[in-house]
Amino acid sequence: MDMKGLQLSLSVPNQASSPANPDRAQEPRPATQETLAPGALLLRGIAAAFVPILLDDLARIVAEAPLRHMKTPSGLRMSVAMSNCGPLGWISDRAGYRYSALDPDRGRPWPPLPASFLQLAQSAAAQAGFPDFVPDACLINRYAPGAKLSLHQDKDERDFSAPIVSVSLGLPAVFLLGGLRRADRPSRHLLQHGDVVVFGGPSRLRYHGILPIQAADITAHPQLENIRINLTLRKAR
DNA sequence: CAGTATCG
DNA sequence: ATAT
């Protein structure tokens with residue numbers, strides 16, 4: 001049977017609807033914000049004005065520190081390709097999850113955190129009630145169609161008082177936001193190009209994840225053809 | 001357990 | 001959805 005047709009006909013609970021008018025599908029969306037949970041805020045479209053400089057900086061970063069598929073501690077390949085910038089980078093291998101000042105693939109420091117990343121993250125954090133956010137790590141995630149990130153907690157940082165700031169570019173994704181226990185049923189939220197999620201305070205340790213990405217035609221940015229890029233800024237130390 | 005396999 |  002045609003499972004794709006069936007899935008397209010099903011509504012996704014708790015998920016925002018897409019624009020009905022195709023002519024407006026890639027217009028800049030007005031900046032709106034939605035509280036997903038206490039301490040978790042979705043800022044729709046706020047990265048739009050930053051996109052050209054973000055992509056320019058991103059191209060230089062991944063030219064120096066290439067995206068790669070890390071391994072889980074159990075030795076399995078992650079479907080999301082990752083790199084980092086900033087003083088610290090999140091890495092995963094058989095030795096576990098941790099932050100490292102050196103890119104293990106190159107034996108060199110990660111590229112610097114660009115001003116564009118820092119300014120966007122601090123602006124988003126301030127709007128969410130975290131005016132003093134100073135990230136020291138940015139994880140870069142590249143999702144091709146089919147890539148996903150199953151439900152997990154960000155708990156490798158020393159300082160849980162700082163929020164996580166997550167920037168979405170390119171293909172849309174369904175974001176799962178769970179509770180503090182893995183068994184808590186997640187809510188679902190559509191993340192689109194230019195959206196930023198900030199989660200901190202009582203939501204800092206919520207389980208979260210991304211459903212498998214679906215291919216689509218976004219057309220606006222050749223660098224984002226058929227991929228989703230997620231920038232996740234953190235204070236690791 | 002940031003993945004995958006298997007089950008009803 | 002559930003085990004791991």
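Residues numbered from 1 in each chain as written. Chains lettered and ligands numbered in written order. Predicted model: local features only at pLDDT ≥ 70, side-chain atom pairs only at ≥ 80, totals over all residues. Heavy atoms only, no water.

Participant: Would you mind showing me how to read the overall build of chain A here?
Facilitator: A count of helices and strands for chain A gives 3 helices and 15 strands. Across the 237 residues in chain A, those meeting the buried criterion constitute 47%. In chain A, of all internal contacts separated by at least 6 residues, the share reaching a separation of at least 24 is 74%. Split by element, the accessible area of chain A, about 12,000 Å² in all, is 55% carbon and sulfur. (Helix = DSSP H or I, 4+ residues; strand = E, 2+ residues; numbered from the N terminus. Buried < 20%, exposed > 50% of the residue type's maximum accessible area, 1.4 Å probe, protein only. Contact = heavy atoms within 4.5 Å. Areas by Shrake-Rupley, 256 points an atom, 1.4 Å probe, with all protein chains shown as cover.)

Participant: How do you make sense of the side chain of Asn84 when you look at a structure like this?
Facilitator: Among the secondary structure elements, Asn84 is positioned in strand E3 (residues 81-85). Here Trp90 takes part through its backbone oxygen, which lies 3.0 Å from a polar atom of the side chain of Asn84. Aside from chain neighbours lying at most four places away, what touches Asn84 is Ile61, Ala65, Met70, Gly89, Trp90, Trp110, Pro111, Cys138, Leu139 and Ile140. (Polar contact = N/O pair within 3.5 Å; in protein donor to acceptor, adjacent residues only side chain to side chain.)

Participant: What should I look at first to understand the protein's contact with DNA strand B in this one?
Facilitator: Taken together, 16 residues are adjacent to DNA strand B, and Thr72, Trp90, Tyr97, Ser150 and His152 come closest. Near the protein, within 4 Å, the atoms of DNA strand B are sugar or phosphate in 66% of cases. Between DNA strand B and the protein, one listed contact pairs a phosphate oxygen with a side-chain N or O atom of Tyr97 at 2.8 Å. Top element by residues in the surface near DNA strand B is strand E9 (residues 149-152). It accounts for 4 residues. Split by residue class, the surface near DNA strand B holds 6 nonpolar, 4 polar and 6 charged. (Near = heavy atom within 4 Å. Nonpolar A, V, L, I, M, F, W, Y, C, P; charged D, E, K, R; others polar.)

Participant: Can you help me understand unusual backbone geometry in this one?
Facilitator: Positive phi, close to 60°, is recorded for Asn226, a residue that is not glycine. Tracing the backbone through its elements, the reader meets Asn226 in the loop between strand E14 (208-210) and strand E15 (228-234).

Participant: Is there a simple way to think about the pairing of strand E4 (residues 89-93) in this case?
Facilitator: On any regular strand, side chains alternate: one points to one face of the sheet, the next to the other face. For E4, a buried count of 4 out of 5 residues is recorded, marking the element as mostly surrounded by other parts of the structure. Examined bridge by bridge, E4 and strand E5 (residues 96-100) share 5 bridges and lie antiparallel to one another. Of the residues in E5, the one forming a bridge with Asp93 is Gly96. A loop of 2 residues connects E4 with E5, the two strands running antiparallel in sequence. (Pairing = 2+ DSSP bridges.)

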